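Take a look at the letters that make up each chain.
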Amino acid sequence: MENADIAKIFYDIADLLEIKGEDKFRIRSYRNAGLVIEGLSESLKKLYEKGEEHLEGIPGIGVSTRAKIIEILTTGKCKYHDELLKGIPIGMLEIVKISGVGPKKAALLYKELGVSTIEALEKAASEQKIRNLPGMGEVTEQKILKSISDMKAMERKFKIAVALNYANSFVEYIKKIPGTVDVVPSGSLRRWKETVGDIDILTTCTDPQAVMDKFVAHPDVVEVLSKGETKSTVVVKAGVQIDIRVLEKKSFGAALQYFTGSKTHNIALRDRAKRMGLKISEYGVFKEEGKKWVAGTKEEDVYKIVGLPWIPPELRENRGEIEAAEKGTLPKLIELDDIRGDLHVHTKESDGTYTLEDMTEAAMQRGYEYMAVTDHSKAIGIARGLDEQRIMAQMGAIDEFNAKLKKRGKKFRVLKASEVDIRADGSLDHPDRVLDKLDCVVASIHSGFKMGMEEMTARIIKAIQSRKINILAHPTGRLINERAPYPVDMDRVMDEAKKYNIALELNSYPDRLDLNDVHCRLAKEKGVKLAISTDSHSIYHLEHILYGIHTARRGWIEAADVINTRPLKEVLKFLKGPKS
Ligand code: DGT
Ligand code: CA
Ligand code: CA
Ligand code: ZN
């Protein structure tokens with residue numbers, strides 16, 4: 001039972017209450033609980049195993065939520081949820097997720113047309129039966145059809161964070177089975193793709209039968225799709241499919257190479273081998289018409305025998321990595337240890353859940369040298385954005401706090417910063433006199449997503465040309481599997497960013513990963529600097545930096561391309577850049 005499964009039950013309760021037309025406040029509190037749980041990077045299951053008291057004091061989780069979490073962790077379900085489900089067809093929960101529907105309209109569709117599944121909804125919409133219902137129209141109907149086709153296109157790809165949590169839990173579990181040696185996730189997860197179709201675990205062991213038996217008996221398994229002597233496939237609660245394969249020690253490297261993929265990388269590698277008279281398969285590298293085994297115990301041997309250095313999994317997308325490996329020009333990819341600070345962090349002043357002191361403590365524990373406090377500006381009302389008076393006060397508090405740190409002999413600096421909203425017309429949500437006093441100005445868009453490409457690009461470029469910003473945060477606004485990026489001419493934005501010495505953010509929050517890998521590589525080619533930040537709203541979010549690092553690696557990024565790999569002095573110099 002991972003956090004995502006628990007969160008899903010809370011979201012479902014909120015949706016069910018809304019379908020039933022219940023009290024708004026209660027609905028919101030369940031939805032918030034879902035959000036909080038999903039955002040935790042510590043596993044609730046693990047905290048609970050350490051002792052019930054470890055579930056206390058988690059911000060946003062009150063007494064009754066905690067009781068439900070414990071109920072779910074111990075019984076696998078929640079009575080209240082089950083009761084709400086009675087009398088409501090299960091398909092309704094899917095329907096409320098269709099954009100343009102929502103719980104109220106779902107209830108109406110059910111009452112008036114008996115619609116309780118996605119298929120029935122699609123049919124009703126294409127037969128134009130929905131447009132005549134109160135509060136709906138042709139536009140709603142079109143929206144529903146588009147949303148259903150989008151959903152089908154996403155075909156159940158899971159965000160990497162969800163897949164990684166499961167993979168880690170299964171790997172730990174399998175390692176405990178006596179006789180297991182290697183246990184390694186391969187596939188798209190090992191390549192750190194932002195979404196993952198299924199998890200492919202590879203293992204070597206002395207007792208395959210025990211591994212198969214235990215694997216299908218893992219408490220999170222809801223369905224066993226197949227169980228063989230050396231290969232099994234299961235589905236876990238959140239719907240993720242997990243494959244496991246037991247391999248021969250001798251060919252483990254070849255199998256790891258094969259199942260890590262990507263398919264197109266493997267095809268290119270096999271073609272290369274063929275030209276050299278070799279044959280690569282999941283069982284090894286062979287010569288003499290496939291008769292003689294020549295390599296495959298270690299993954300790097302597979303590359304070595306075709307004349308290449310080992311290629312990091314993140315690069316294996318057939319985007320020029322084999323050619324670069326051949327020429328000896330593979331990038332020296334950025335690593336977690338290269339990061340010296342976080343340039344996008346929220347505190348309680350806006351919508352974070354921890355204080356300046358807490359966030360600083362957590363950043364220092366990571367070994368950072370600096371952190372920019374970037375609370376929202378006033379336009380973001382729901383996030384308690386800061387007006388001029390409040391941000392001035394915050395700057396004062398940060399100055400005092402830095403002085404205190406210095407006195408205590410700490411080599412750490414909190415940067416006075418803001419996540420200033422870029423308004424619809426491209427103007428910034430703090431006056432220049434405020435922006436000029438900040439160490440670091442992070443600018444981003446939080447509303448008016450529906451503009452056309454021209455207008456949106458002009459809006460962002462206007463913000464860049466103000467010379468008041470340092471970093472453009474989550475530059476495309478996408479939320480993985482939830483919201484498409486807004487249309488923006490990234491080529492032009494990057495050219496302007498370069499001209500005005502502005503860094504583009506790679507927002508590491510696993511739902512965003514914005515810029516994505518392809519954009520990172522474009523930035524590098526254009527010589528635009530990146531800031532890899534977490535957008536942390538809690539001390540636990542700081543570790544999301546891992547997702548940013550691996551996404552950057554997929555974009556061929558090296559430490560020198562990223563401003564927050566620099567010591568404080570150099571960062572400050574960079575941040576002074578565009579300001580007049
Ligand atoms: P996913 O699960 O859709 O996110 O993506 P992958 O890359 O994990 O793909 P998956 O799970 O279908 O297969 C795992 C790896 O196995 C894949 O990356 C490469 C390898 N593989 C699978 N099918 C083929 C194939 O037909 N040819 C080759 N060369 N490799 C394959
Ligand atoms: Ca896979
Ligand atoms: Ca697979
Ligand atoms: Zn933020």
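Residues numbered from 1 in each chain as written. Chains lettered and ligands numbered in written order. Predicted model: local features only at pLDDT ≥ 70, side-chain atom pairs only at ≥ 80, totals over all residues. Heavy atoms only, no water.

## Some points on the domain arrangement of the chain
Domain parsing of the chain yields domain 1 (3-152), domain 2 (158-246), domain 3 (251-327) and domain 4 (336-575). Measuring from the centre of the C-alpha atoms in domain 2 to the corresponding centre in domain 3 gives 24 Å. Each partner contributes to the interface: domain 2 provides 13 residues, whereas domain 3 provides 13 residues. Overall, the association of domain 2 and domain 3 removes approximately 1,000 Å² of surface from exposure, summing both partners, and the carbon and sulfur fraction of that is 65%. Looking only at domain 2, the three residues that lose the most surface to domain 3 are Arg190, Arg191 and Leu202, adding up to 60% of its buried area. Put simply, domain 2 and domain 3 have two salt bridges between them. Here Arg190 makes a salt bridge to Glu299, at a shortest N to O gap of 2.9 Å. Our count for the domain 2 to domain 3 interface comes out at five residue pairs in polar contact (both at pLDDT 80 or more). Split by residue class, the side of domain 2 that touches domain 3 holds three nonpolar, five polar and five charged. (Domains from an automatic or database assignment. Contact = heavy atoms within 4.5 Å. Buried area = accessible area lost by both parts, 1.4 Å probe. Salt bridge = Lys/Arg side-chain N within 4 Å of Asp/Glu carboxyl O. Polar contact = N/O pair within 3.5 Å; in protein donor to acceptor, adjacent residues only side chain to side chain. Nonpolar A, V, L, I, M, F, W, Y, C, P; charged D, E, K, R; others polar.)

## Some words on the environment of Asn402
The topology assignment puts Asn402 in helix 18 (residues 388-407). A sequence separation of 45 residues divides Asn402 from Glu357, and the C-alpha atoms of the two residues are 10 Å apart. (Helix = DSSP H or I, 4+ residues; strand = E, 2+ residues; numbered from the N terminus.)

## Things to note about helix 7 (residues 102-113)
Helical geometry: 3.6 residues make up each α-helical turn, so side chains three or four residues apart lie on a common side. A rise of 1.5 Å per residue sets the reference length of helix 7, with its 12 residues, at 16 Å; its end C-alpha atoms lie 16 Å apart and thus fit the reference within 8%. Gly114 sits one or two residues past helix 7 and shows a positive phi near 70°. (Expected span 1.5 Å × (residues − 1).)

## Thoughts on empty space enclosed by the protein
This model, assessed by the stated rule, comprises one cavity of 30 Å³ or more. Approximately 40 Å³ is the volume found for the largest cavity. In terms of lining, the largest cavity is formed by Gln257, Tyr258, Asn266, Leu269, Arg270, Ile280 and Ser281. For the lining of the largest cavity, the elements supplying multiple residues, two or more each, are helix 13 (252-260), helix 14 (263-275) and strand 8 (279-281). Ranked by the residues each element gives to the lining of the largest cavity, the list is headed by helix 14, at three residues. Tallied by class, residues from the lining of the largest cavity come to three nonpolar, three polar and one charged. (1 Å grid on protein atoms, 1.4 Å probe; cavity = no way out; pocket = protein on both sides within 12 Å on 5 of 7 lines; lining within 4 Å. Points joined across faces, edges and corners; volume = space filled by probe spheres on them.)

## As for the sheet that holds strand 11 (residues 341-345)
Read across the open sheet, the seven strands follow the order 11-12-13-14-15-16-17; overall the sheet is parallel. For this open sheet the edge positions go to strand 11 and strand 17 (530-533), each flanked by a neighbour on one side alone. Inspection of the sheet shows strand 13 (residues 413-421) paired to strand 14 (residues 440-444) by five bridges, in the parallel sense. Opposite Asp421, over in strand 14, you have Ser444 as the bridge partner. The strands touched by helix 18 within the sheet are strand 12 (370-373) and strand 13, with strand 13 carrying the most contacts at an inclination of about 160°. Running at roughly 145° to strand 17, helix 23 (residues 545-554) makes contact with strand 16 (503-507) and strand 17 of the sheet. (Pairing = 2+ DSSP bridges. Axes fitted to C-alpha atoms, helices over the stretch in contact; angles between N-to-C directions.)

## Some thoughts on the coordination of the calcium ion (ligand 3)
Around the calcium ion (ligand 3), the protein supplies Asp198 (OD), Asp198 (OD), Asp200 (OD) and Asp243 (OD) as donor atoms, at distances of 2.2 to 3.0 Å. One chain supplies every donor to the calcium ion (ligand 3), and in sequence these donors are spaced D-x1-D-x42-D. Accessibility expressed as a relative area gives 21% for Asp198, which makes it partly exposed. (Donors = N, O, S within 2.8 Å, 3.2 Å for Na, K, Ca; no water. Buried < 20%, exposed > 50% of the residue type's maximum accessible area, 1.4 Å probe, protein only.)

## A look at the coordination of the zinc ion (ligand 4)
Here the zinc ion (ligand 4) is held by His344 (NE2), His346 (NE2), Glu419 (OE) and Asp535 (OD), and the distances to it run 2.1 Å. Considering all four donor atoms around the zinc ion (ligand 4), the spread of angles at the metal, 83 to 170°, places the coordination shape in the irregular class. The motif formed by the donor residues of the zinc ion (ligand 4), counted along the single chain, is H-x1-H-x72-E-x115-D. With a gap of 73 residues between them, His346 in the loop between strand 11 and helix 17 (356-365) and Glu419 in strand 13 connect regions that are remote in the sequence. Judged by relative accessible area, which is 1%, Glu419 ranks as buried. (Tetrahedral: all angles 85-135°; square planar, octahedral: opposite > 155°, others 65-115°.)

## Topic: the side chain of Glu505
Considering the arrangement of structural elements, one finds Glu505 in strand 16. One buried charge, Glu505, has no salt-bridge partner; the nearest side chain with opposite charge is Arg512, at 6.6 Å. (Lys, Arg positive; Asp, Glu negative; His and termini not counted.)

## A look at unusual backbone geometry
Each neighbour pair has its own omega, and for Gly261 with Ser262 the value is -5°, a cis peptide bond. Checked against the element boundaries, Ser262 lands in the loop between helix 13 and helix 14. Notably, Gln128 is not glycine yet its phi reads approximately 55°, a positive angle. In this fold, Gln128 is placed in the loop between helix 8 (118-126) and helix 9 (138-154). With a phi close to 60°, Asp535 is a non-glycine residue in the positive phi region. Along the chain, Asp535 falls in the loop between strand 17 and helix 23.

## Structural notes on the site of ligand 1
Taken together, 16 residues are adjacent to ligand 1, and Lys157, Ser188, Gly197, Asp198 and Arg270 come closest. Between ligand 1 and the protein, one listed contact pairs an oxygen atom with a side-chain N or O atom of Arg191 at 2.9 Å. Here a nitrogen atom of ligand 1 and a side-chain polar atom of Arg270 are 2.9 Å apart. In isolation ligand 1 has 590 Å² of accessible area, and contact with the protein removes 73% of it. Cavity membership is defined here by more than half of the atoms lying within 2 Å of grid points; on that basis ligand 1 lies in the second largest pocket. Within the residue set of the shell around ligand 1, elements represented by two or more residues are helix 11 (187-190), strand 4 (198-205), helix 13 and helix 14. There are two domains that each give the shell around ligand 1 at least three residues, and those are domain 2 (158-246) and domain 3 (251-327). (Near = heavy atom within 4 Å. Areas by Shrake-Rupley, 256 points an atom, 1.4 Å probe, with all protein chains shown as cover. Sits in = over half its atoms within 2 Å of the grid points.)

## A word on the nonpolar core
Residues Ile460, Leu504 and Ile532 are the most contacted members of the largest nonpolar core, which totals 59 residues. The contact partners of Ile532, leaving out residues within four places of it in the chain, are Ile334, Ile339, Leu506, Ser508, Ile545, Gly548, Ile549, Ala552, Val562 and Asn564. (Core = buried A, V, L, I, M, F, W, Y, C linked by side-chain atoms within 4.5 Å.)

## Focus: the environment of Val571
In this structure, Val571 sits in helix 24 (residues 568-576). Look at Val571 and you get buried, because its relative accessible area is 1%. Separated by 257 residues in the primary sequence, Val571 and Glu314 have C-alpha atoms spaced 27 Å apart. In this structure, Val571 is in contact with Tyr370, Ile563 and Arg566, ignoring residues within four places of it in sequence.

## Brief notes about the packing of aromatic side chains
Per the stated rule, a full pass over the model turns up seven aromatic pairs. Ring plane angle 65° and centroid distance 6.2 Å describe the contact between Trp192 and Tyr547, whose orientation is recorded as edge-to-face. A residue pair is termed long-range when its members are at least 10 positions apart, and Trp192 in the loop between helix 11 and strand 3 (195-196) and Tyr547 in helix 23 qualify at 355 residues. Tyr547 sits in the buried class, given a relative accessible area of 9%. Ring pairs connect the aromatic residues Phe10, Tyr30 and Tyr80, which therefore count as one cluster. (Phe/Tyr/Trp six-rings, centres within 6.5 Å; stacked < 30°, edge-to-face > 60°.)

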